[in-house]
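Residues per chain are reported as follows:
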Amino acid sequence: MPPARAGPDRAPRSGGARAAAEGVAAPGPGSAGAGAGPTGETAGRWGGGGGAGGLEALRVPDDLSARVPAEQRGAGRDDVRLLVSRGRAVSHRAFRELPGELRAGDVLVVNTSMTLPAAVNGRVGGERVVVHFSTRGADGRWAVELRAPGAAGVTGPRPGGPAGAVVRLPGGRTLVVEEPLGPASGARLWWARVPEPMSMSLSGPQSVLGAVPGAESMPGTERMRPVPGPEWRPTPVPERDPMPEARSEAESAQGLVPGPVRESEAAEEAARSMRGPVPDAEPMRGPVRESEAEKKAAKAARSVRGPVPDAVPEFLRRYGRPIRYGYTERDQPLSAYQTVFAAPSPDGSGSAEMPSAARPFTAALVAELVRRGVLFAPLSLHTGVASAEAHEPPYPERFSVPPATAWLVNSVRAARGGDRTTGGRVIAVGTTAVRALESAAGADGLVRPVAGWTDLVVTPRRGVRVVDGLLTGLHEPRASHLLMLEAVAGREALRLGYEAALQERYLWHEFGDIHLLLRDEERNAPDCSSNEW
């Protein structure tokens, strides 16, 4: 059984976001927000657990943790309950009744980030570890967490690093740990790189010189040109995977059935295993200085090849499995961690953990909402790895708000003027959608198209500038996400809602029930049940 993260407590990734505007560097060594601690209002609350005031004393019994997906304990993904908080008023619905709680012109803002199979087995020397890939940096490195496999498939914390440690991964790949995010002492996440293996093909080592105008005249390229001779072909013998158990676990977790290796696949595997230096190549010594010819060749290469795609997502799809937590009953296929809104990103990036508030949506429910006049606005925020043991401050995360979404949200808000009881409302599906949308909103309340990094924590003091309501799961009473919920609905509404959820035995976590929070002034607004025909 692949390891799960220890403990029923699921600490948050973050509670909000601030856009890294144009010209602001992406997170990296020494960058602001990369592991930096919270300040002001947030710091005080994190010291006592991070949750909204008055909720820290609540305790969620272990048997209220949703251990399997809704479709395995009921009639389908949407077979979960819906807790509705309209100000201080609390009501109980089925999630399938969501259309009756909304009205024509409402906009549901959804996160389209796909969930990655971000957990991979590895070894550091003779030590077994589980690598959790968290966030892809702008320089191609990944923030990772190394976990220790434990009993009954549960992973536990492990000291990070050290810098320079080499983790052996399945398929002959390696991961090189380079530096911590933030202070080195006690760092959980570290920047690491997965070096690319040397490119080989069935006809031998490939030279890129022919694709680059002027490259053949570059000094020192004589030894890089292919040596004439008979065509090289590898013997079609399957590569011996140094960690076959990792691949079988990944295939099981992703719903794949291992089968015989075809001859062409075997040859390709053997070719990939033939790694090493180019024959007759000599190591370069001394400082490297680019000649004008080299600079022109490099520029031409970029224009020919375009951006180099990140190979880590493809590696994860082959050998990884979804990150899961100790409160879940068993492993689930990757499809159980995707939402109906998930869409591939151009560079293969995705979320280490599912944007779970959207999980109960089905194609049929989306069609019904559209039929009643509810609108959908997509954005993306790629979530990182949460801490299973500590409620820590957030790390920066990548997000993107496209122009169409900014235009739609601004149009809906402008159409209603200052009257919140009529017209459309902006309702975020999940805390990740709040984080991204509020990151793109200026002090004037206008949303602007933006893509970058975000690290702002949405708190009651900061408030929300755009969001009128929120669909989200039920969070641990100490989670910093509750600060965001309090900013949307108010502290008293949040307290009454959570007390009702415990009394009515709602289910917590990513496979659990859903909470709809709407502001108090909208209690008497009409819903879209009148749109039936």
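This text goes with the structure placed above it.
Report follows, based on the coordinates. (Residues numbered from 1 in each chain as written. Predicted model: local features only at pLDDT ≥ 70, side-chain atom pairs only at ≥ 80, totals over all residues. Heavy atoms only, no water.)

## Some thoughts on the overall build of the protein chain
Rules: Here a helix means four or more residues in a row that DSSP labels H or I, a strand means two or more in a row labelled E, and each is numbered from the N terminus. Here the term buried applies to any residue with accessible area under 20% of the maximum for its type, exposed to any over 50%, and partly exposed to those in between, with areas from a 1.4 Å probe on protein chains only. Two residues qualify as a contact provided that any one of their heavy atoms is within 4.5 Å of a heavy atom in the partner residue. Accessible areas in this description were obtained via Shrake-Rupley with a 1.4 Å probe; residue shielding takes into account the shown protein chains only.
Regarding its fold elements, the protein chain presents eleven helices and 19 strands. Taking all 533 residues of the protein chain together, the buried fraction comes to 53%. Pairs at least 24 apart in sequence give 77% of the contacts found in the protein chain among residues at least 6 apart. Carbon and sulfur atoms form 56% of the exposed surface of the protein chain, whose accessible area is close to 23300 Å².

## What about the pattern of salt bridges?
Just so we agree on the cut-off: Think of a salt bridge as a Lys or Arg side-chain nitrogen and an Asp or Glu carboxyl oxygen that are within 4 Å of each other.
Using the criterion set out here, one finds 30 salt bridges in the structure. Of the charged contacts in the structure, one is a salt bridge between Asp63 and Arg505, with a shortest N-O distance of 2.6 Å. One end of the pair, Asp63, is in the loop between helix 1 (40–47) and helix 2 (70–73); the other, Arg505, is in the loop between helix 11 (491–503) and strand 19 (514–518), and 442 residues separate them in sequence. A relative accessible area of 44% places Arg505 in the partly exposed class. For Glu438, the salt bridge identified is with Arg462, shortest N-O distance 2.7 Å. Pair noted here: Glu438 is in helix 9 (residues 431–439) and Arg462 is in the loop between strand 17 (450–454) and strand 18 (469–473), with a separation of 24 residues, a long-range link. On the basis of relative accessibility, which here comes to 1%, the residue Glu438 falls in the buried class. The partly exposed category is assigned to Arg462, whose relative accessible area is 23%.

## Here we look at the pairing of strand 19
Our working rule: For two strands to count as paired, DSSP must find a minimum of two bridges between them.
Among the five residues of strand 19, five are classified as buried, and the element is accordingly described as predominantly covered. Across the two faces of strand 19 the burial is the same, with Ile514, Leu516 and Leu518 and His515 and Leu517 all buried. Direction of pairing for strand 2 (residues 81–86) relative to strand 19: parallel, over a ladder of five bridges. Bridge pairing in strand 19 places Ser85 opposite Leu517.

## A look at the sheet that holds strand 16 (residues 426–429)
Inclusion rule: Angular values range over 0 to 180 degrees, each being the angle between N-to-C directions of two axes fitted as lines to C-alpha atoms, with helices fitted over their stretch in contact.
Pairing is mixed across the open sheet formed by nine strands, whose spatial order is 3-2-19-18-16-4-14-15-17. Strands with a single pairing partner mark the edges of an open sheet, and in this sheet they are strand 3 (89–94) and strand 17. Adjacent strand axes in the sheet meet at a mean angle of 20°, parallel and antiparallel pairs treated alike. Both strand 2 and strand 3 contribute to a ladder of six bridges, which runs antiparallel. For Arg81, the partnering residue across the bridge sits in strand 3 and is Ala94. Sitting on the sheet, helix 8 (residues 403–416) is in contact with strand 4 (107–111), strand 14 (375–382), strand 15 (397–401) and strand 16, with an inclination near 130° to strand 14. Contacting strand 18 and strand 19, helix 10 (residues 481–489) runs over the sheet at an angle of about 150° to strand 18.

## With respect to the packing of aromatic side chains
Defined as follows: When the centres of two rings from Phe, Tyr and Trp lie within 6.5 Å, Trp using its six-membered ring, the rings pair. Their planes under 30 degrees apart give stacked, over 60 give edge-to-face, and anything left gives tilted. Charge over a ring is defined by NZ of Lys or CZ of Arg lying within 6 Å of the ring centre and within 35 degrees of the ring normal.
Counting across every chain of the model gives eight aromatic pairs. On the numbers, 5.2 Å between centres and 85° between planes, the contact of Phe95 with Phe361 is edge-to-face. Taken as a pair, Phe95 in the loop between strand 3 and strand 4 and Phe361 in the loop between helix 6 (312–319) and helix 7 (363–371) lie far apart in primary sequence, 266 residues in all. Using a relative accessible area of 0% as the deciding quantity, one classes Phe95 as buried. Measuring from centroid to centroid gives 5.8 Å for Tyr325 and Tyr327, while their planes differ by 5°, and the two rings are stacked. In this structure Tyr325 comes out as buried when scored by relative accessible area, which is 1%. Tyr327 sits in the buried class, given a relative accessible area of 3%. Taken together, the aromatic side chains of Phe95, Phe341, Phe361 and Phe376 make up a single cluster linked through ring pairs. The positively charged end of Arg81 is found above the aromatic ring belonging to Tyr506, 4.0 Å away from the centroid.

## Notes on helix 8
Going by this rule: By definition here, a helix of n residues has an expected span of 1.5 Å times n minus one.
Over its 14 residues, helix 8 extends 21 Å from the first C-alpha to the last, a length consistent with the 20 Å expected when each residue adds 1.5 Å. For helix 8, the set of buried residues is Thr405, Ala406, Leu408, Val409, Asn410, Val412, Arg413 and Arg416. Those residues of helix 8 that are buried are in contact with strand 4, strand 14, strand 15, strand 16 and helix 9. With its phi angle positive at about 65°, Gly417 sits one or two positions after the end of helix 8.

## Focus on the nonpolar core
This is how the line gets drawn: Among the buried residues, those of types Ala, Val, Leu, Ile, Met, Phe, Trp, Tyr and Cys that are joined through side-chain atoms within 4.5 Å form a nonpolar core.
By size, the foremost hydrophobic cluster in this structure holds 47 residues, and its most contacted members are Val109, Leu437, Val447, Tyr498 and Trp508. If you list the elements that add at least two residues to this core, you get strand 4, strand 14, strand 15, helix 8, strand 16, helix 9, helix 10 and helix 11. With near-sequence residues (within four places) excluded, Val447 lies in contact with Val401, Ala406, Val409, Asn410, Leu437, Ala440, Ala441 and Val466. Counting residues in each nonpolar core, the second largest holds 31 residues, with Ala118, Val129, Val177 and Trp190 among its members.

## Notes on the side chain of Arg77
Going by this rule: None of His or the chain ends enter the tally, which takes Lys and Arg as positive and Asp and Glu as negative. Distance and chemistry together define a polar contact, namely a pair of N or O atoms within 3.5 Å, with one atom able to donate a hydrogen and the other to accept it when in protein, and with adjacent residues in sequence counting only for side-chain atoms on both sides.
With respect to the helices and strands, Arg77 occurs in the loop between helix 2 and strand 2. Buried within the structure, Arg77 lacks any salt-bridge partner; its nearest side chain of opposite charge belongs to Glu71, at an N-O separation of 4.1 Å. In this structure the side chain of Arg77 is engaged in a polar contact, spanning 2.8 Å, whose partner is the backbone oxygen of Ser335. Non-local contacts of Arg77, meaning those with residues more than four positions away in its chain, are made with Ala70, Glu71, Ser335, Ala336, Gln338, Thr339, Arg359, Pro360 and Thr362.

## A word on the environment of His515
Among the secondary structure elements, His515 is positioned in strand 19. Between the C-alpha atom of His515 and that of Leu82, which follows or precedes it by 433 residues, the distance is 5.7 Å. When near neighbours in sequence (up to four residues on either side) are disregarded, His515 contacts Leu83, Ser85, Leu470, Leu471, Thr472, Gly473, Leu474 and Tyr498.

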